[in-house]
Amino acid sequence: MDELVRRFLLDFPEKNIAIVSVDPSKRKTGGALLGDRIRMNSVRDERVYMRSLATRQSNLALSKHIPEVVSILKAAQFDLIILETSGIGQSDTEIVDFSDVALYVMTPEYGAATQLEKIDMLDYADVIALNKFDKRGRKMRCGM
């Protein structure tokens, strides 16, 4: 996410971006670690608005407040709104109800090949990215 924001800011110097990151709430405590700002350096820019929300339920990928949040950000006329879920499992596809373009990012460690058949989001995503950036010897490449 940090790299997407960084490149947007570089490529579109007159545009503003809003990011809403949703983190899961723990089932036992109800708390959530809203740590997105810790790992994202590019959000420290006057053209970036970022907000973290907790799901408030352990089995959801989005907060129930997302419809209102997205409406407010649209009314504020942000040029790009990124909605980051807490992580989509095999059956969570609710993000597509709020997205013009759904990007599904996965790592190479998805398990056995049959596990891919269980990931419902693969049927709904407009773009699928395989993130190998944490791998040893990685190189940054972009392409379509």
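One can find the structure itself at the top, above this paragraph.
Here is a short report on the structure shown in this document. Just so it is clear, the model here is predicted, and its values are computed rather than measured. (Residues numbered from 1 in each chain as written. Predicted model: local features only at pLDDT ≥ 70, side-chain atom pairs only at ≥ 80, totals over all residues. Heavy atoms only, no water.)

## Overview of the sheet that holds strand S2 (residues 48–54)
Going by this rule: Here, a strand pair is defined by DSSP locating no fewer than two bridges between the strands. Numbering of helices and strands runs from the N terminus, with a helix taken as a DSSP run of H or I at least four residues long and a strand as a DSSP run of E at least two residues long. Orientation is described by axes fitted as lines to C-alpha atoms, over the contacting stretch for helices, and by angles from 0 to 180 degrees between their N-to-C directions. Two residues form a contact once any of their heavy atoms are found within 4.5 Å.
Ordered in space as S2-S1-S3, the 3 strands form an open sheet in which the pairing is parallel. At either end of the open sheet lies a strand with only one pairing partner, and these are S2 and strand S3 (80–84). Going from strand to strand, the sheet's axes swing by 15 degrees on average, the running direction of each strand aside. Two strands pair when backbone bridges link them, and strand S1 (residues 17–23) and S2 are joined in this way by 7 bridges, in the parallel orientation. Looking at S2, one finds that Val22 is bridged to Leu53. Sheet contacts for helix H1 (residues 2–11): S1, S2 and S3; angle to S1, the most-contacted strand, approximately 175 degrees. Contacting S1, S2 and S3, helix H3 (residues 66–75) runs over the sheet at an angle of about 170 degrees to S1.

## Overview of the packing of aromatic side chains
The geometry of an aromatic ring pair comes down to the distance between the two centres and the angle between the two planes. Here is the rule: When the centres of two rings from Phe, Tyr and Trp lie within 6.5 Å, Trp using its six-membered ring, the rings pair. Their planes under 30 degrees apart give stacked, over 60 give edge-to-face, and anything left gives tilted. Any residue under 20% of the maximum accessible area for its type is buried, any over 50% is exposed, and the rest in between are partly exposed; the area is computed with a 1.4 Å probe on protein chains only.
For the structure on display, the rule yields 2 aromatic pairs. Pairing Phe8 with Phe12 gives two aromatic rings, centres 5.2 Å apart and planes at 40 degrees, and the pair type is tilted. What makes Phe8 buried here is its relative accessible area of 11%. Judged by its relative accessible area of 40%, Phe12 is partly exposed. With centroids separated by 6.1 Å and ring planes inclined at 35 degrees, the aromatic side chains of Tyr49 and Phe78 adopt a geometry described as tilted. Here Tyr49 is found in strand S2, whereas its partner Phe78 is found in the loop between H3 and S3, with 29 residues between them in sequence. According to the relative accessible area criterion, Tyr49 is partly exposed, its value standing at 37%.

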